[in-house]
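Commentary on secondary and tertiary structure
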Amino acid sequence: MATITIMDPVTRIEGHMRVDVTIDEVDGQSRVVDARCTGTLFRGFETLLKGRDPWDAPIITERICGVCPVSHGMASVKALDAAAGVVPPTDARVLRNLVLGANFLQSHILHFYLLASLDYVQGPASAPWTPAWDVDMRPGLEGVGGHLAQAIEARRRAHEMGAIFGGRMPSSHTYIPGGFTSVPKGNLINDFQRHLDWLADFIRNIYIPDVEALSTVYSDYFSIGQGCRELMAYGVFDLDDAADSNQLLRGGIAKVFGTQTGVEAFNPDSITESVKYSWYDDATDHLSPSNGATDPVDPHTKDIAYSWLKAPRYENRPFEVGPLARMWVNGDYQDGVSVMDRHLARAYETLKIAEAMNAWLYELTPGARVYNNYDTPTETSGIGLTEAPRGALGHWVGIRGKKIDHYQIVTPTCWNASPRDRDGVMGPMEQALMAIPVERPDQPIEALRVIHSFDPCLSCAVHMMRPDGEPIVLWTGPS
Ligand code: NFE
Ligand code: MG
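The text that follows walks through the structure, step by step, so that each part is easy to find. Values in this document were obtained by computation on a predicted structure and should not be read as measured data. (Residues numbered from 1 in each chain as written. Chains lettered and ligands numbered in written order. Predicted model: local features only at pLDDT ≥ 70, side-chain atom pairs only at ≥ 80, totals over all residues. Heavy atoms only, no water.)

**Some words on the environment of Thr284**
Topologically, Thr284 is positioned in the loop between strand S9 (271–274) and strand S10 (311–314). Judged by relative accessible area, Thr284 falls into the buried class, the value being 9%. It is 41 Å that separates the C-alpha atoms of Thr284 and Ala356, two residues lying 72 residues apart in sequence. Ignoring any residue separated from it by four or fewer positions in sequence, one finds Thr284 in contact with Glu273, Val275, Ala293 and Asp295. Only 2.6 Å separates the side chain of Thr284 from the backbone oxygen of Asp281, close enough to count as a polar contact. (Helix = DSSP H or I, 4+ residues; strand = E, 2+ residues; numbered from the N terminus. Buried < 20%, exposed > 50% of the residue type's maximum accessible area, 1.4 Å probe, protein only. Contact = heavy atoms within 4.5 Å. Polar contact = N/O pair within 3.5 Å; in protein donor to acceptor, adjacent residues only side chain to side chain.)

**A few points about the coordination of the magnesium ion (ligand 2)**
Only Glu46 (OE) and Ile409 (O) from the protein reach the magnesium ion (ligand 2) as donors, at distances of 2.1 to 2.7 Å. With Glu46 in helix H1 (residues 45–49) and Ile409 in strand S13 (residues 403–410), this residue pair connects regions lying 363 residues apart in the sequence. A relative accessible area of 4% means that Glu46 is categorised as buried. Judged by its relative accessible area of 2%, Ile409 falls in the buried class. (Donors = N, O, S within 2.8 Å, 3.2 Å for Na, K, Ca; no water.)

**With respect to the pattern of salt bridges**
What the rule picks out here adds up to 27 salt bridges. Between Arg420 and Asp34 there is a salt bridge, with the nearest N and O atoms lying 2.7 Å from each other. Taken as a pair, Arg420 in the loop between helix H10 (412–416) and helix H11 (428–433) and Asp34 in strand S3 (residues 29–39) lie far apart in primary sequence, 386 residues in all. Take Asp34: its relative accessible area is 27%, and that puts it in the partly exposed class. Taking the shortest distance from any N to any O, the salt bridge between Lys310 and Glu273 comes out at 3.7 Å. Of this pair, Lys310 sits in the loop between S9 and S10 while Glu273 sits in strand S9, and the two are 37 residues apart along the sequence. (Salt bridge = Lys/Arg side-chain N within 4 Å of Asp/Glu carboxyl O.)

**Points about the side chain of Asp421**
Considering the arrangement of structural elements, one finds Asp421 in the loop between H10 and H11. Engagement of the side chain of Asp421 in a polar contact is seen with the backbone nitrogen of Val425, the distance being 3.0 Å. In contact with Asp421, not counting residues within four places along its chain, are Ser274, Lys276, Tyr277, Ala311, Arg313 and Asn316.

**Observations concerning the sheet that holds strand S7 (residues 247–255)**
Within the open sheet, the 3 strands sit side by side as S6-S7-S8. Their pairing is antiparallel. Strands with a single pairing partner mark the edges of an open sheet, and in this sheet they are strand S6 (230–238) and strand S8 (263–264). Of the pairings in the sheet, the one linking S6 to S7 comprises 7 bridges and is antiparallel in character. Counterpart to Ala233 in the pairing with S7 is Gly252. Contacts from helix H9 (residues 339–361) reach S6 and S7 within the one sheet, and its direction differs from that of S7 by about 150 degrees. (Pairing = 2+ DSSP bridges. Axes fitted to C-alpha atoms, helices over the stretch in contact; angles between N-to-C directions.)

**Observations concerning the side chain of Glu446**
Considering the arrangement of structural elements, one finds Glu446 in helix H12 (residues 445–453). Comment: no salt bridge for buried Glu446; closest opposite-charge side chain is Arg449, at 5.8 Å. At a separation of 3.0 Å, a polar atom in the side chain of Glu446 contacts the main-chain amide nitrogen of Glu439. Look past the residues within four positions of Glu446 in its chain and what remains in contact with it is Tyr221, Ile436, Pro437, Val438 and Glu439. (Lys, Arg positive; Asp, Glu negative; His and termini not counted.)

**Some thoughts on the site of ligand 1**
In the vicinity of ligand 1, the contacting residues are Cys65, Cys68, His72, Ala388, Pro389, Arg390, Leu393, Thr411, Pro412, Thr413, Cys457 and Cys460. Within the backbone of Arg390, an N or O atom sits 2.8 Å from an oxygen atom of ligand 1. Note that an oxygen atom of ligand 1 is positioned 3.0 Å from one of the backbone N or O atoms of Thr413. In terms of residue class, the shell around ligand 1 is made up of 8 nonpolar, 3 polar and 1 charged. (Near = heavy atom within 4 Å. Nonpolar A, V, L, I, M, F, W, Y, C, P; charged D, E, K, R; others polar.)

**Topic: the sheet that holds S13**
One open sheet accounts for 3 strands, arranged S11-S12-S13; its pairing is antiparallel. On the outer flanks of this sheet lie strand S11 (379–388) and S13, each paired with one strand and no other. Mean inter-strand twist for the sheet, computed between neighbouring axes without regard to direction, equals 15 degrees. Two elements, S11 and strand S12 (residues 391–400), share 10 bridges in a ladder whose sense is antiparallel. The partner of Gly382 across the bridge, within S12, is Val397.

Written out as structure tokens, the structure reads:
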């Protein structure tokens, strides 16, 4: 008989997510036969930005999430730069990249050691690691557990490094339309270099070997958790000042079916969001973010829906985003699309970014100009496409009367953890959960390993709004 296991909340992620898996016997083996991912909080950022000065957008959108605020700052200033046709000076571009790079390093290290590795390695025998599920934890990875304290040190250093040019983390206030607010100085460049050297050593000699060791001990996870097999990156880390700059991690889409691994160009006009299975007004189904809407409905009035996440689609299909997508699209990692491939690609990407950051430090000129005059346009629109640690991130802004008239945000976790779309097609994480074997339906560690491999962040994907200091209670739980 089928059982439904509800994980609510899923722990060791950012934010609030619920995952329901239906488990049944298939050919004598317990397997997942249905999966639903639910974002359990409403996010109203798009709504609260309306009517504000466009300069507020980077400051406010950085509050979406404490893990990837810098990416929201970057997406926001890129949208505003594009709207006005302003190109920031070279040193501003490089500083934006360096602070964002620092954020990627801290996020990937955090994810592996503090969020994901505890699915595979027994944590310390004290709270908050206990009580824990009594599940298959294989020997041979004591070293990974032993690096927890160093990983926390690495994360602290990455934050300190970003703060040198970005200001106190999280939420950097140095990203402004037209440029950046801090200036390169020799002593700051040296401080940055010192942290970066330490981190590059950690990534090379501890993080990557630990992920490789994990992938050897749990090699069965190279054949578990393939999602929709279609990967997408918008691209990040501009390498020159041209509007269509070359990038360290270029954008593109990859369709990975059997031996077919072609990479194609990506066109933002092909993005739409479905709300058929989300708690939003059906009249706003299948809109492009350039004219999209955030119109929540009372969940009791829409039985078919089960998430506050919309379902972003590219050419009407779900796409997986994240480090694996970026590394695949750029030809840096094309081995597979499983749980372990996600972990390995994330670790290798961390080193690729750290090495590039080292070279960018030499492109800075102490005292150089970091701002080109930005006059807020009267009426226009712009798209800011970038990457957050968890994948492709886009901000779409419309300006009228020098105020924000329209704002839409599509986050990586919206792509990965999306619910079904108007065609009934499951999101990438839902697809990755299908058919996986589960030993114990009451403790489905296998499902958790699949979920964590995407590094979901529901804080980014959905968010609570309290306009008068009082919560709006739209839903008090399943009735
Ligand atoms: Ni809150 Fe975020 C990243 C963004 S994920 S961590 O990375 O945008 O949806
Ligand atoms: Mg959105």
